[in-house]
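# Structural characterization, general
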Amino acid sequence: MTREDTLPTRPMPKAPTTKVDFNSLKAPSGYVPGLGRGAAGFTTRSDIGPARAGGLDALKGGAPGSKGGGDNEEAALDDTKFDEFMGNDAGVFAATGEYDEDDKEADAVWETVDNFMDERRREAREKRLKEELERYRAENPKITEQFADLKRKLSDVSYEEWEAIPEIGDYTIKKQRRMERFAPVPDSLLARAAAEASGSGGNLAKSLDPNSGLASVGGALNGLATPMGGATSTVSDLTAIGTGRGTVLGLKLDRMADSVTGQTVVDPKGYLTDLKSIKISTDAEISDIKKARHLLKSVIQTNPRHAPGWIAAARLEEVAGKLVDARKLIMQGCELCPNSEDIWLEAARLQTPDNAKALLARGVAQLPESTKLWMAAAKLETDDTAKARVLRKALERIPTSVRLWKAAVELAEEDDARILLSRAVECCPQAVELWLALARLETYENARKVLNNARKAVPTEPAIWVTAAKLEEANGAEQGQVDKIVARAIKSLSTNGVVIHRDAWMKEAENAERSTPAPHVFTCRAIVRAVHSLGVDAADLEATLVADAEEAAKRGSVETARALYNQALTTFPSQPHIWRQAAQLEKAHGTRAQLDELLRRAVQFCPQAEVLWLMAAKEAWLGGDVDGSRAILARAFAANPDSEQIWLAAFKLEFENNEPERARALLAKARENEAASAYPRVWMKSAIVERELGDVAKERALLEEGTRRFPTFEKFYLMLGQLEQRCGNTDGARLAYRNGLARCPASIPLWRAAARLEEEAAGNVGRARALLEQARLKNPKTDELWLAAIRTEQRAGNEKAADTVLAKALQDCPTSGLLWAEAISMAPRPARRTKATDALKRCDNDPHVVAAVAQLFWADRKVEKARSWFNRAVTLNPDIGDNWAHFYKFECQFGTPEQQVDVSSRCAAAEPHHGERWCRVSKDPRNAHQPVDALLRRTVQDLDTLPPP
């Protein structure tokens, strides 16, 4: 047999026939769908509760509710079998197999097929959705789309057509609900109706006749109608009814007001007061009182010798309004607790004054050593003699009571008080107050002896030493002697173990300064000198002394602050800032001589400090000593030959004293100085002097030279442009401003001056508007440029355009107080309050906004509020002269002459330099050399006569 014969033969394929439908055939026996891929059978949560995977175990008899299924479920929830892809609930593979790489690859293939099929249908699906959306929007358009064409046509509506649109009225279709009110008809009206109905003419009927026409219906029965039941009706006199009603009411009131005997029991004046005095206890309060009474009763019964229990029980009855029960209880307590002074005091408080005296007599007999009982007995006496008698009896029993001695001394005359105090310090040698009181009553020599004895008796008391220093100062002692006493005090107290507290001694220094009737200045200075460096590190001594001096000055302790500054200057003489602060203190609280002496010492120790030289020269000038000021500046030149501040101060001294020739010579010398010629302000002041003298050519030459030397100094271009404007040379002024803007594009005054030139000289508002827009592009978020644009539109008469520019300005600079103040002034009067509220929310502490709000109160005649807000505005920024002018004008209208002088003096002390109107007035050549108060009055005139610049 060959090998081919032994191999199994493969059957030949059958010829193709009709396709068999396997789904219609019966499944073979034992067939389980999905068994080959592990999905043998499963149950759902709705069948047995928690879902559970089947698998091959289900085919072996594991029914859904059988016991064997529990092990599989626990295994499926085991954390060690957590599948990264499918989790604990691994589906059909939880018990029959694992999800391996082949399964993942198969899922990826099917997911790719799904994505490919979705891509094939996406374009058609999106196209269909888009067509349905367009069809829906065409059938249901929005309201905004329906009126879109009409809204586009609104751009062609003119301003006149817009204003011609009528205002819509109230066309509401709802019926307003009317509030109906009813009032009782008076008797007179009924009587008048009866008279008119009865045809009595003008006579007023007072009664209703049942047989008249009013009694019948419509008068058809002609008075023959019979009342109900056939009873006759009596005549009703309405006037008599009203009178009777009042009489009955009066009788009722009289019956309530009078008692049986006829005496009035109602006090018409104190009736309401008596009602208020009646205390109505609620059920809760009554229940609380009962509980407390029961508790306190158990306390006093359990421990009858406990005095606080009796006191509490008596007070409870007093609160409950049972004063008699309270007195009974407290008297029982006095019997059971006779050694408690508190219970005797409480019993005396509850008794009447006469009974209280007798009770306290029993108390002091029981407790003769009780100071409180003796003091209470003395207070019950009405005249001083009886009080003194009681206190002396008390002192016989308790001679060591300081309280009794003080009370007795207060009631005695001066001579008797001295005798009492002499005895008191013998009985109470540790009472410092008694020693000091005796020293104040004695003569100088005896007082010294008293204080020496007090120091021996109480060696640890600082007040005795301080009193000794004050005593010596009051009797003509020099500063050195007082210093020795305080130094000995510090040494003695330290020896006796007393800790010297620096702050406590500083308070003693301030108290010595404030002592009456005369301040003890030497004692104050001595204390500061003795303790100023106690417990302070050397590195912190300077800052500590300056800070303490500032705090003392704030509290009004000027001498203490002066002494601290002196110690600081003695220790650190080369610190200019300490000299400046000390000079400010002397300027505010000292004399001119003290200030001059301090500044003289300051420039000796700090010759390089320019500010001290300037302060000394200015104070000498303000004091009227012009030659002295010149001498100080000459010494300042010697110490600081190249100082710009000293050159300018010397120029100002001559210029303000109407010495223009000397000022010119001084500035010429400064321009020849190599160091001083490098200062642009020297050249600017030179041009100002030439303007004052009227030399236009020299002024122009100096300004042109200044622009060549200092091309970035903006004030040269401003002054040159103003000079050309004064000369009528508009082209020259325009050229000067153009050159300045080319070199100083960030200069806001140059941009404003150039725009104002185009507006006023050339009359070209458009050119001015364009310049300001260009300025805002180069200097964004600048409120001054926005304000200039607003003012330009206002001067041109374009109010709407000004409002538009203002709205844009507030969007660009939402926190600018300057713009918000302008918005408040531009708003209509009814809307100003709302605008002011918005401004305060944006910039609460801006002085411009505060001043604008003050003007609103001024317009509403709210004087006190306006004054308060004006005061706040000038306090926030005293350098704005416009606010001072408004404040002064307000006081001229509503204030007293004293208030006007106060505002003027405060303005002069502040020396303002800013403000639109203030700068226009102060920089006018006609107002040169004018004092601040004169400039203030002229600014007020500018407010009344001229528009804003």
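Residues numbered from 1 in each chain as written. Predicted model: local features only at pLDDT ≥ 70, side-chain atom pairs only at ≥ 80, totals over all residues. Heavy atoms only, no water.

### Observations regarding the overall build of the protein
From N to C terminus, the protein includes 50 helices and two strands. Burial status across the protein gives 34% buried among its 949 residues. Within the protein, counting contacts between residues at least 6 apart in sequence, those at least 24 apart form 50% of the total. Accessible surface computed for the protein: about 59,800 Å², of which carbon and sulfur atoms make up 54%. (Helix = DSSP H or I, 4+ residues; strand = E, 2+ residues; numbered from the N terminus. Buried < 20%, exposed > 50% of the residue type's maximum accessible area, 1.4 Å probe, protein only. Contact = heavy atoms within 4.5 Å. Areas by Shrake-Rupley, 256 points an atom, 1.4 Å probe, with all protein chains shown as cover.)

### Regarding empty space enclosed by the protein
Within this structure, the stated rule accounts for one cavity of 30 Å³ or more. Within this model, the largest cavity holds a volume of roughly 30 Å³. Lining the largest cavity, in full, are Trp465, Val466, Ala469, Val486, Ala489, Trp505, Thr523 and Ile527. Elements with a minimum of two residues in the lining of the largest cavity: helix H23 (462-474), helix H24 (479-495) and helix H26 (521-531). It is H23 that provides the largest number of residues to the lining of the largest cavity, a total of three residues. (1 Å grid on protein atoms, 1.4 Å probe; cavity = no way out; pocket = protein on both sides within 12 Å on 5 of 7 lines; lining within 4 Å. Points joined across faces, edges and corners; volume = space filled by probe spheres on them.)

### Let's talk about the packing of aromatic side chains
In the structure shown here, the tally under the stated rule is eleven aromatic pairs. Aromatic side chains tryptophan 858 and phenylalanine 870 sit 6.0 Å apart centroid to centroid with 75 degrees between the ring planes, which places their arrangement in the edge-to-face category. Here tryptophan 858 is found in helix H45 (residues 847-859), whereas its partner phenylalanine 870 is found in helix H46 (residues 863-876), with twelve residues between them in sequence. Here tryptophan 858 matches phenylalanine 870 in class, with each residue buried. Through a chain of ring-to-ring contacts, three or more aromatic side chains come together here, namely Trp858, Phe870, Phe887, Phe890 and Phe894. Over the face of the ring belonging to tryptophan 683 we find arginine 671, whose NZ or CZ atom lies 5.7 Å from the ring centre. In this structure, arginine 776 packs its charged tip against the face of tryptophan 786, placed 4.2 Å from the ring centre. (Phe/Tyr/Trp six-rings, centres within 6.5 Å; stacked < 30°, edge-to-face > 60°. Lys NZ or Arg CZ within 6 Å of the ring centre and 35° of its normal.)

### Here we look at helix H16 (residues 353-366)
Over its 14 residues, H16 runs 20 Å from end to end, which matches the ideal 20 Å to within 8%, given 1.5 Å per residue. When H16 is considered as a whole, its buried residues turn out to be Ala356, Leu359, Leu360, Gly363 and Val364. All buried residues of H16 lie within an arc of 135 degrees about the axis, which places them on one face of the element. Facing away from the buried side of H16 by over 90 degrees, the exposed positions are Asp354 and Ala365. Against helix H14 (323-336), helix H15 (341-350) and helix H17 (371-380) lie the buried residues of H16. (Expected span 1.5 Å × (residues − 1). Arc of directions from axis to C-beta.)

### Some points on the layout of surface pockets
For the second largest pocket, the calculated volume is near 460 Å³. If you go around the second largest pocket, you meet 21 residues; those closest to its centre are Arg440, Thr467, Lys470, Leu471 and His520. Looking at the lining of the second largest pocket, the element that brings in the most residues is H23, giving six residues. Looking at the lining of the second largest pocket residue by residue, the class counts come to twelve nonpolar, five polar and four charged. (Nonpolar A, V, L, I, M, F, W, Y, C, P; charged D, E, K, R; others polar.)

### Points about H14
The terminal C-alpha atoms of H14 lie 20 Å apart, and with 14 residues this matches the ideal 20 Å at 1.5 Å per residue to within 8%. Along H14, the positions that sit buried rather than exposed are Ala326, Leu329, Ile330, Gly333 and Cys334. Viewed along the axis of H14, the buried residues span an arc of 145 degrees, placing them on a single side of the element. For H14, the exposed residues lying more than 90 degrees away from the buried face are Val324, Lys328 and Glu335.

### Brief notes about the environment of arginine 872
Note on placement: arginine 872 falls in helix H46. Arginine 872 gets classed as partly exposed once you look at its relative accessible area, which sits at 27%. Sequence separation between arginine 872 and proline 847 is 25 residues; the distance between their C-alpha atoms is 7.8 Å. Discounting residues that sit within four places of it in the chain, arginine 872 has contacts with Asp844, Asn845 and Val850.

### What to know about the UniProt feature "coiled-coil region" (unreviewed entry) in the protein
The positions that UniProt labels "coiled-coil region" (unreviewed entry) are, in the present scheme, residues 119-153. Across residues 119-153, the secondary structure splits into 89% helix and 0% strand, with the terminal C-alpha atoms separated by 46 Å. (UniProt positions renumbered as here; feature names shortened; annotations may be inferred.)

### A word on a negative patch on the surface
On the surface, a cluster of negative charge is made up of Glu98, Asp100, Glu101, Asp102 and Glu105. By secondary structure assignment, the location of aspartate 102 is in helix H5 (residues 101-139). With relative accessibility at 55%, the residue aspartate 102 sits in the exposed group. (Patch = residues over 30% accessible without salt bridge, like charges linked within 9 Å, V, L, I, M, F, W, Y side chains within 5 Å. Salt bridge = Lys/Arg side-chain N within 4 Å of Asp/Glu carboxyl O. Lys, Arg positive; Asp, Glu negative; His and termini not counted. Charge placed at Lys NZ, Arg CZ, Asp CG, Glu CD.)

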